[in-house]
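Chain residues, written in single-letter form:
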Amino acid sequence: MADIIRLCLSFLLFKGIYGNGVTLCPDRWLAFNGSCYYFGKGPFIFTEAEHYCLQHGAHLVKVETEIENSFLKDVLSEFTSRQWWLGMTEELVPGHWKWVVDDSEANYFDWAPGQPNPHGEECAIFFNTPNYQWADIPCTHSLWDAYALCEKRGQIVNPECMQGNIVG
């Protein structure tokens, strides 16, 4: 059995992880395109939300593409009256949004009209509007009732390997 698993993993590395694989996630996590998402508890301030995600082996969500953003917004539309933290902040340098998970510059944005605004609001949320565009709010503001949206890498498995078949 261990040889089959090693062979399947080698196949995945050779073929490319995202090209022909299925994302496996823990129970109550939602899989999409190589990542696992957990729609957690709250409300929290930003640092509490990140700590909550860390306790679950993850970080606040890092949205890198329009496809990922659309997927998350579709899921969020099932929730009512909630904001969700993004793992993005401009606390260190105003106007330079960075992802907490890896300190990389944010290159994709989906700001709501009038956002971000220049009022000392250094953290970002999926804002509870009909289309869940992004807004900036104070990182320590608890009145927004923002919940933790966590992300971690999923385990990528070839569908044939899941069935016990070896593809040559």
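What you see is a predicted model, and the numbers here were worked out from it, not measured in a lab.

Caption draft 1: The arrangement of the pattern of salt bridges in detail. Counted under the stated rule, the structure contains 4 salt bridges. Ionic pairing is found between K62 and E64, a salt bridge with its closest N-O pair at 3.8 Å. The closest approach of N and O atoms between K98 and D103, which form a salt bridge, is 3.9 Å. Look at K98 and you get partly exposed, because its relative accessible area is 26%. Linked by salt bridges that have partners in common, K62, E64 and D102 make up one network.

Caption draft 2: Inspection of the packing of aromatic side chains at higher detail. Tallied over the entire structure, the rule returns 15 aromatic pairs. Among the aromatic side chains, those forming a connected cluster through ring pairs are W97, W99, Y108, F109, W111, F126 and W134. Taking NZ or CZ as reference, K152 lies 4.5 Å from the ring centre of W29, over its face.

Caption draft 3: Just helix α3 (residues 66–76), in detail. When α3 is considered as a whole, its buried residues turn out to be E68, N69, F71, L72, K73, V75 and L76. The secondary structure elements touched by the buried residues of α3 are β2 (30–32), β3 (35–39), β5 (83–89), β7 (123–126), β8 (134–137) and β10 (149–153).

Caption draft 4: Highlighting the state of the cysteines. A full pass over the atoms with the stated rule returns 3 disulfides. Residue C25 pairs covalently with C36 via a disulfide, S to S 1.9 Å. Residues C25 and C36 are joined through a disulfide that is left-handed, its torsion about the S-S bond being -90 degrees. Separated by 11 residues along the polypeptide, C25 in the loop between β1 (22–24) and β2 and C36 in strand β3 bring together distant segments of the chain. What makes C36 buried here is its relative accessible area of 1%.

Caption draft 5: Here's a closer look at the environment of E66. Relative to the assigned elements, E66 resides in helix α3. Sequence spacing of E66 and D110 is 44 residues, and the spatial spacing of their C-alpha atoms is 8.3 Å.

Caption draft 6: Structural view of the pairing of β10. Note that β3 and β10 share 5 bridges and pair antiparallel. Its bridge partner lying in β10, F39 is registered against L149. Of the strand pairs in this sheet, strand β4 (residues 59–60) and β10 are connected by 2 bridges, and their pairing is antiparallel. Along β10, the bridge assignment pairs L60 with C150.

Caption draft 7: Expanded view of helix α2 (residues 46–55). Those residues of α2 that sit buried are F46, A49, E50, Y52 and C53. Each buried residue of α2 lies within a common arc of 155 degrees when the element is viewed along its axis, so the set occupies one face. Facing away from the buried surface of α2 by more than 90 degrees, the exposed residues are T47 and Q55. Residues of α2 that are buried in the fold lie against β3, β4, β5, β7 and β10. Two residues or fewer after α2 comes G57, characterised by a positive phi angle close to 70 degrees.

Caption draft 8: Region of interest: the nonpolar core. Formed by 22 residues in total, the largest nonpolar core has its most connected members in V63, L72, L86, M88, F126 and W134. Put simply, the parts of the chain that give this core at least two residues each are β3, α3, β5 and β7. The element best represented in this core is α3, accounting for 4 residues. For L86, the contacting residues outside a window of four places in its chain are F46, L60, V61, V63, W99, A124, I125, F126 and W134. A58, W85, C139 and C150 belong to the second-largest nonpolar core, a separate cluster that totals 19 residues.

Cut-offs and rules
Residue numbers run consecutively from 1 along every chain, following the written order of its sequence. Reporting of local features is limited, given that this is a predicted model, to residues whose pLDDT is at least 70; pairs of side-chain atoms are given and counted only at 80 or more, and all residues count toward the totals for whole chains, interfaces and linings. Neither water nor hydrogens contribute to the side-chain values; these are computed over all heavy atoms in the structure. By salt bridge we mean one thing: a side-chain nitrogen of Lys or Arg within 4 Å of a carboxyl oxygen of Asp or Glu. Throughout, exposure labels follow a simple rule: accessible area from a 1.4 Å probe, protein chains only, divided by the maximum for the residue type, with under 20% read as buried, over 50% as exposed, and the rest as partly exposed. A pair of Phe, Tyr and Trp rings is counted when the ring centres sit within 6.5 Å of each other, with Trp represented by its six-membered ring. The angle between the planes then sorts it: under 30 degrees is stacked, over 60 is edge-to-face, the rest tilted. Criterion for a charge above a ring: Arg CZ or Lys NZ at most 6 Å from the ring centre, at most 35 degrees from the ring normal. We count a stretch as a helix when DSSP gives it H or I for four or more residues in a row; a strand needs E for two or more, and each element gets its number in order from the N terminus. Any pair of residues with heavy atoms lying within 4.5 Å of one another is described as a contacting pair. Any pair of cysteine sulfurs within 2.5 Å is marked as a disulfide. At least two DSSP bridges between two strands are needed for those strands to be called paired. Think of it as the arc spanned by the lines of direction from the helix axis to the C-beta atoms. Residues enter a nonpolar core if they are buried and are Ala, Val, Leu, Ile, Met, Phe, Trp, Tyr or Cys, with the set joined through side-chain atoms within 4.5 Å.

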